[in-house]
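Below are the chains, spelled out letter by letter.
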Amino acid sequence: MIKNAYKDLFAESQPDLIQDFKSELTGNMEHLIVGCYRDTGEYDSRLMAKAIADDLNKDLLVEVICTRSIDEINTMKLGWEKTVASA
């Protein structure tokens, strides 16, 4: 909702709101705001990538996989293909 309104208001200059957040915020507040701004599939796929990169953080993997519905896991797969696999 905020993401779409921001794009509509600033479509001509095409700013990157996530970069704006990162330049203005730090620490946990930055992670929270940036995470809330991303769509859920992208956010979950980034959590999975972080869990794998952090010497296989099993607690985070279990939390993400076991608390998501089938639809959310399918959305996560699309987010993975879009963000993590293409990086």
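Notes on the structure follow. The model shown is predicted, which means the values in this text are computed figures rather than measured ones. (Residues numbered from 1 in each chain as written. Predicted model: local features only at pLDDT ≥ 70, side-chain atom pairs only at ≥ 80, totals over all residues. Heavy atoms only, no water.)

**Regarding the side chain of Arg-38**
Selection rule: Secondary structure elements follow DSSP: runs of H or I of four or more residues count as helices, runs of E of two or more count as strands, with numbering from the N terminus. Whether a residue is buried, partly exposed or exposed follows from its accessible area with a 1.4 Å probe, protein chains only, as a fraction of its type maximum: under 20%, in between, or over 50%, in that order. Side-chain atoms alone can form a polar contact between residues adjacent in sequence; in general such a contact is a pair of N or O atoms within 3.5 Å, and within protein one must be able to donate a hydrogen while the other accepts it. By definition, residues are in contact when any of their heavy atoms lie within 4.5 Å.
In this structure, Arg-38 sits in the loop between α3 (27–37) and α4 (40–53). The buried category is assigned to Arg-38, whose relative accessible area is 14%. For Arg-38, the side chain forms a polar contact with the side chain of Glu-42, separated by 3.1 Å. Once you skip the residues sitting within four places of it in the chain, Arg-38 turns out to touch Ile-18, Lys-22, Tyr-43 and Arg-46.

**Brief notes about the packing of α4 against helix α5 (residues 58–66)**
What counts here: Fitted lines through C-alpha atoms give the axes, limited to the stretch in contact for helices. The angle between two N-to-C directions lies from 0 to 180 degrees. Here is the rule for angles: anything less than 35 degrees is roughly parallel, anything more than 145 is roughly antiparallel, 65 through 115 is roughly perpendicular, and the remaining ranges are oblique. The crossing is said to be left-handed when, going from far helix to near helix, the turn is anticlockwise and less than a right angle, and right-handed when the turn is clockwise. In the scheme used here, Gly and all other residues not listed as nonpolar or charged are polar, with Ala, Val, Leu, Ile, Met, Phe, Trp, Tyr, Cys and Pro taken as nonpolar and Asp, Glu, Lys and Arg as charged.
At a minimum axis distance of 8 Å, the contact between α4 and α5 shows a crossing angle of 155 degrees. Considering the angle they form, α4 stands roughly antiparallel to α5. For α4 against α5, the interelement crossing comes out left-handed. Between α4, through Asp-44, Leu-47, Met-48, Ala-51 and Ile-52, and α5, the contact on the second element is made entirely by Leu-60, Leu-61, Val-64 and Ile-65. Looking at the contact of α4 with α5, its residues break down into 8 nonpolar, no polar and 1 charged.

**Examining the side chain of Thr-83**
Its place among the elements puts Thr-83 in helix α6 (residues 70–84). Of the residues examined, Thr-83 reaches a relative accessible area of 12% and is grouped as buried. A distance of 3.3 Å separates polar atoms of two side chains, one belonging to Thr-83 and the other to Ser-45. Setting aside residues no more than four positions away along its own chain, Thr-83 makes contact with Glu-42, Ser-45 and Arg-46.

**Remarks on the pattern of salt bridges**
Between side chains of opposite charge, pairing is possible as soon as their charged atoms come close. Our working definition: The rule for a salt bridge is simple: a side-chain nitrogen of Lys or Arg has to be within 4 Å of a carboxyl oxygen of Asp or Glu.
Taken as a whole, this structure holds 5 salt bridges when the rule is applied. Asp-39 is the salt-bridge partner of Lys-82, the closest N and O atoms lying 3.8 Å from each other. In this pair, Lys-82 is assigned in helix α6 and Asp-39 in the loop between α3 and α4, connecting sequence segments 43 residues apart. Classification of Lys-82 as exposed rests on a relative accessible area of 53%. Here Asp-44 makes a salt bridge to Arg-68, at a shortest N to O gap of 2.9 Å. Highlighted residues: Asp-44 in helix α4 and Arg-68 in the loop between α5 and α6, separated in sequence by 24 residues. Using a relative accessible area of 23% as the deciding quantity, one classes Arg-68 as partly exposed.

**Digging into α4**
To keep things clear, this is the line we draw: In this analysis, the expected span of each helix is defined as 1.5 Å times one less than the number of residues it contains.
With 14 residues, α4 should reach 20 Å at 1.5 Å per residue; the first-to-last C-alpha distance of 20 Å fits that figure. Along α4, the positions that sit buried rather than exposed are Gly-41, Glu-42, Asp-44, Ser-45, Leu-47, Met-48 and Ala-51. The inward-facing, buried residues of α4 abut α5 and α6. The residue sitting at the N-terminus of α4 and contributing the capping side-chain oxygen is Asp-39; that oxygen lies 3.3 Å from the backbone nitrogen of Gly-41.

Honestly, it's all geometry; don't read function into it.
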